[in-house]
Amino acid sequence: MTIAMAAALTACGHRASTDSGVDADSVSIDSTAVANETALLKTDSIGIELTDTMVEVRVSVDWPVAGNDTLLQGIRQYILKQLGIKKCTDIKAEIKKVAKTQYHELKTQWQEDRECRGEDMGMIYSSYQRISVDEESDTYVTYSYCTEGFTGGAHGYATATGITISKATGKEIGYESEYNANTMTFSIKHQNLFRSTKSAGLYKLIKEGVKDYFSDLEDHRISDEELADVLQNVPDVNHIPVPQFPPTFTKNGLVFLYQQYEIGPYAVGMPNFCIPYKKVLPYLTEEAAALVE
């Protein structure tokens, strides 16, 4: 089977690696900010890079600086939450602290692993984080959050997520998930995206999307039996759960993205697909549907 990674993950690594220097600022979206819901967002790209022969750390953030005040507050809260920053008066200083903390933690781990092995490992430990604007419409802004790195072992790690924020309210349109170790499943809470995450119609759309992804890997349309063979942590192909992290809004439709190991082995990458709004609209809440109607 051909090994394929989700486009979001591929973009994550390459975009992070293009940042150079420390505290580099540039305007990433050229727009005029006006005080209304449809105003275009203006951001500064803040990039921090710390590297030596043992460790490489990069943190890059599209920080909103002008636009609808309600939207700015919502986006800033999201970014701070993703970076684990509880209070912020100087975002550049806080991002630098995040990068330095990661750098020192990785360097300590690298040194401990070298001592354990008794030799130079010949590998750089790394951590890359990228929080960026993916898409903007008159009604919403979609941000992506990508992390990847290497801390020894057979391969690196990676996570690719995102969120859509309403311009009118500044609220995140999605949900939170909580892992249940007993059932080995995620429970969905605080969700305002779907009318129900367990409706028959939504299950059918998800199955079609997952099938499309794996069919592309196999170069032929797979059967339900073949799908069941490749899936992991999914007892029934007709009840594939929504992803751990909420789907995001794009111009082409709602994008679903599963993490590594979430519903399949590492080799299949991050299963992802896009469901057109004309198909998924009946299953969205009124609040979510308002972003595309």
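Figured I'd write up the structure that's included with this text.

Side note on helix α3 (residues 91–117)
Logical step 1: Across its 27 residues, α3 extends 39 Å between first and last C-alpha, which sits within 8% of the 39 Å expected from 1.5 Å per residue.
Logical step 2: Looking only at α3, the buried set comprises Ile91, Glu94, Ile95, Val98, Ala99, Gln102, Tyr103, Leu106 and Trp110.
Logical step 3: Residue Asp90 occupies the N-cap position of α3, its side-chain oxygen lying 3.2 Å from the main-chain nitrogen of Lys92.
Logical step 4: Among the residues trailing α3, Gly118 stands out with phi positive, at a value near 75°.

Re the layout of surface pockets
Logical step 1: Put simply, the largest pocket is a space of about 510 Å³.
Logical step 2: Taken together, 21 residues line the largest pocket, and the ones lying closest to its centre are Thr185, Phe186, Asn233, Pro241 and Val242.
Logical step 3: No other element matches strand β9 (residues 185–189), which puts four residues into the lining of the largest pocket.
Logical step 4: Residue classes in the lining of the largest pocket are distributed as twelve nonpolar, six polar and three charged.

Digging into the pairing of strand β2 (residues 42–51)
Logical step 1: Burial of β2 is extensive: seven of the ten residues sit out of reach of the surface.
Logical step 2: For β2 and strand β3 (residues 55–66), the ladder comprises ten bridges, and the chain directions are antiparallel. Bridging from a neighbouring strand, Glu49 pairs with Arg58 of β3.
Logical step 3: Linking β2 back to β3 in an antiparallel pair, the connection comprises three residues.

As for the sheet that holds strand β10 (residues 248–250)
Logical step 1: Here three strands make up an open sheet; going across it, the order is β10-β11-β12 and the pairing antiparallel. Unpaired on one side and paired on the other, β10 and β12 (272–275) mark the two borders of the sheet. On average, adjacent strands in this sheet sit at an angle of 30° to one another, irrespective of strand direction.
Logical step 2: Seen against the sheet, helix α4 (residues 200–218) touches β11 (253–257) and β12 and runs at an angle of roughly 130° to β12.

What counts, and at which threshold
- Residues numbered from 1 in each chain as written.
- Predicted model: local features only at pLDDT ≥ 70, side-chain atom pairs only at ≥ 80, totals over all residues.
- Heavy atoms only, no water.
- Helix = DSSP H or I, 4+ residues; strand = E, 2+ residues; numbered from the N terminus.
- Expected span 1.5 Å × (residues − 1).
- Buried < 20%, exposed > 50% of the residue type's maximum accessible area, 1.4 Å probe, protein only.
- Polar contact = N/O pair within 3.5 Å; in protein donor to acceptor, adjacent residues only side chain to side chain.
- 1 Å grid on protein atoms, 1.4 Å probe; cavity = no way out; pocket = protein on both sides within 12 Å on 5 of 7 lines; lining within 4 Å.
- Points joined across faces, edges and corners; volume = space filled by probe spheres on them.
- Nonpolar A, V, L, I, M, F, W, Y, C, P; charged D, E, K, R; others polar.
- Pairing = 2+ DSSP bridges.
- Axes fitted to C-alpha atoms, helices over the stretch in contact; angles between N-to-C directions.
- Contact = heavy atoms within 4.5 Å.

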